[in-house]
Amino acid sequence: MKNILVIHYSQSGQLTEIVNNIAMPLNNSKNIKVVHHQIEMETPFAFPWKKKDFLNAFPESFLQIPSKTKPIPEAILNQKFDLVILGYSVWYLSPSIPTNSFLSTPEAKQLLANTPIITVIGCRNMWVMAQEKVKTLLKECGSKLVGNIVLRDRHINHISVITIVQWMFSGEKKKYLGIFPKPGVSQKDIDESTRFGDVILDHTISNNLDNLQKSLVKEEAVVIKPFLVLADKRANVLFGKWAKLIYSKGESNINKRTIWIKIFNYYLLFAIWVIAPVVFLLFLLTYLPLSGKIKKDKKYYSSVEIK
Ligand SMILES: Cc1cc2nc3c(=O)[nH]c(=O)nc-3n(C[C@H](O)[C@H](O)[C@H](O)COP(=O)(O)O)c2cc1C
């Protein structure tokens, strides 16, 4: 009998549906016991978001400053798991504050030490550097990453920016103005994510988690978009400077910080609508000379290796 913990945090329920679908084949197996847990914050993040709160979450998300999470029930903490499945969303190119906060607790270390782990990401489309940050946190917990599954919005970058903002501020995952596509991960991708559970089941029962990621990649659990990798890396450098500057102005309601948050809002718009297209042009121009590096990047970011 294998004991599996599925732990995640979701605001809209999108990631809950994804992890539940992935866990379905495991739930249905006689050889596996599945325990589910949702990470909860002592002070919850309201959903839908108010614009001010959405922007204010930036410095602490990016700088990975933890907040208080509710304790994990003893009944879970006292168990030894053969495998953990961690579902997380990306906030500002980093693991969401609830995920980062959980991974920074002693409870996470207790649960994850010497335990194989699979990450499941539900995001817009920029997750590569967030996963690098999660790899570091998992290493600190003494856990071994054996799999990664990414569900993302497949629409082009700028369309998904418009539709996700609409979704986050309205709380409704529906077509905006009747012309834009539905935001977030498509229902088809969510429904079809049960196939990843079948792969996990096979590898768990045959005690072959070391080769799990190869099988997951064959099922298109991870698809690397080289331009988004480049944009993610560039944005991480710039976000680092902004996050430090805004964080140095103090807590979220301090006047000085509010002013800088407003300036950051304009910068974000500029970055999305002006800088990103320029980076895209540079990406196209340098595609051939950089094709060797792009191939290497694709292999690395599809894997569970840690640099
Ligand atoms: C504050 C905030 C920042 C976000 N930043 C990113 C991001 O940098 N990259 C990305 O792909 N998605 C980003 N998203 C989208 C989330 O990863 C996720 O898809 C969405 O919040 C739905 O997840 P849920 O299941 O928790 O509701 C962001 C969402 C929020 C709320």
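Residues numbered from 1 in each chain as written. Predicted model: local features only at pLDDT ≥ 70, side-chain atom pairs only at ≥ 80, totals over all residues. Heavy atoms only, no water.

On to the pairing of strand E6 (residues 144-151). The side chains of a regular strand alternate, first on one face of the sheet and then on the other. The element E6 is extensively covered by neighbouring structure, given that 7 of its 8 residues are classed as buried. Sheet analysis places strand E5 (residues 116-122) next to E6, joined by 7 bridges and oriented parallel. Counted as the bridge partner of Ile121 is Val150 from E6. For the crossover that starts at E5, traverses helix H6 (residues 128-140) and ends in the parallel E6, the hand is right-handed. (Buried < 20%, exposed > 50% of the residue type's maximum accessible area, 1.4 Å probe, protein only. Helix = DSSP H or I, 4+ residues; strand = E, 2+ residues; numbered from the N terminus. Pairing = 2+ DSSP bridges. Right-handed = clockwise from strand over helix to strand, strands pointing away.)

Helix length check: helix H13 (residues 291-302) (12 residues) gives 16 Å between terminal C-alpha atoms against 16 Å at 1.5 Å per residue, within 8%. Contact partners of the buried residues in H13: H6, helix H10 (212-218), helix H11 (226-247) and helix H12 (255-285). (Expected span 1.5 Å × (residues − 1). Contact = heavy atoms within 4.5 Å.)

With a probe scaled to a water molecule rolled over the atoms, the places where space remains empty come into view. For the coordinates displayed, the defined rule picks out 1 cavity of 30 Å³ or more. What lines the largest cavity is simply Asn125, Met126, Trp127, Val128, Arg152, Val223, Ile224, Lys225, Leu228, Val229 and Asp232. A total of 3 residues in the lining of the largest cavity trace back to one element, the largest contributor, which is H11. Broken down by class, the residue content of the lining of the largest cavity amounts to 7 nonpolar, 1 polar and 3 charged. (1 Å grid on protein atoms, 1.4 Å probe; cavity = no way out; pocket = protein on both sides within 12 Å on 5 of 7 lines; lining within 4 Å. Points joined across faces, edges and corners; volume = space filled by probe spheres on them. Nonpolar A, V, L, I, M, F, W, Y, C, P; charged D, E, K, R; others polar.)

Let's shift gears to the domain arrangement of the chain. Note: interface size is frequently given as the accessible area lost on complex formation between the parts. Parsing the chain into structural domains produces domain 1 (2-223) and domain 2 (229-296). Put simply, the middle of domain 1 and the middle of domain 2, counted by C-alpha atoms, are 23 Å apart. Each partner contributes residues to the interface: domain 1 has 20 residues there, and domain 2 has 24 residues. Regarding the contact of domain 1 and domain 2, the summed buried area is about 2,000 Å², with carbon and sulfur atoms giving 75% of it. One can count 1 salt bridge joining domain 1 with domain 2. For Arg257, the salt bridge goes to Glu60, with nearest N and O atoms at 2.9 Å. Run the count over domain 1 and domain 2 and you get 6 residue pairs in polar contact (both at pLDDT 80 or more). Elements represented by at least two residues in the side of domain 1 that touches domain 2 include exactly helix H2 (51-62), H6 and helix H7 (157-170). At 8 residues, the largest contribution of residues to the side of domain 1 that touches domain 2 is made by H2. (Domains from an automatic or database assignment. Buried area = accessible area lost by both parts, 1.4 Å probe. Salt bridge = Lys/Arg side-chain N within 4 Å of Asp/Glu carboxyl O. Polar contact = N/O pair within 3.5 Å; in protein donor to acceptor, adjacent residues only side chain to side chain.)

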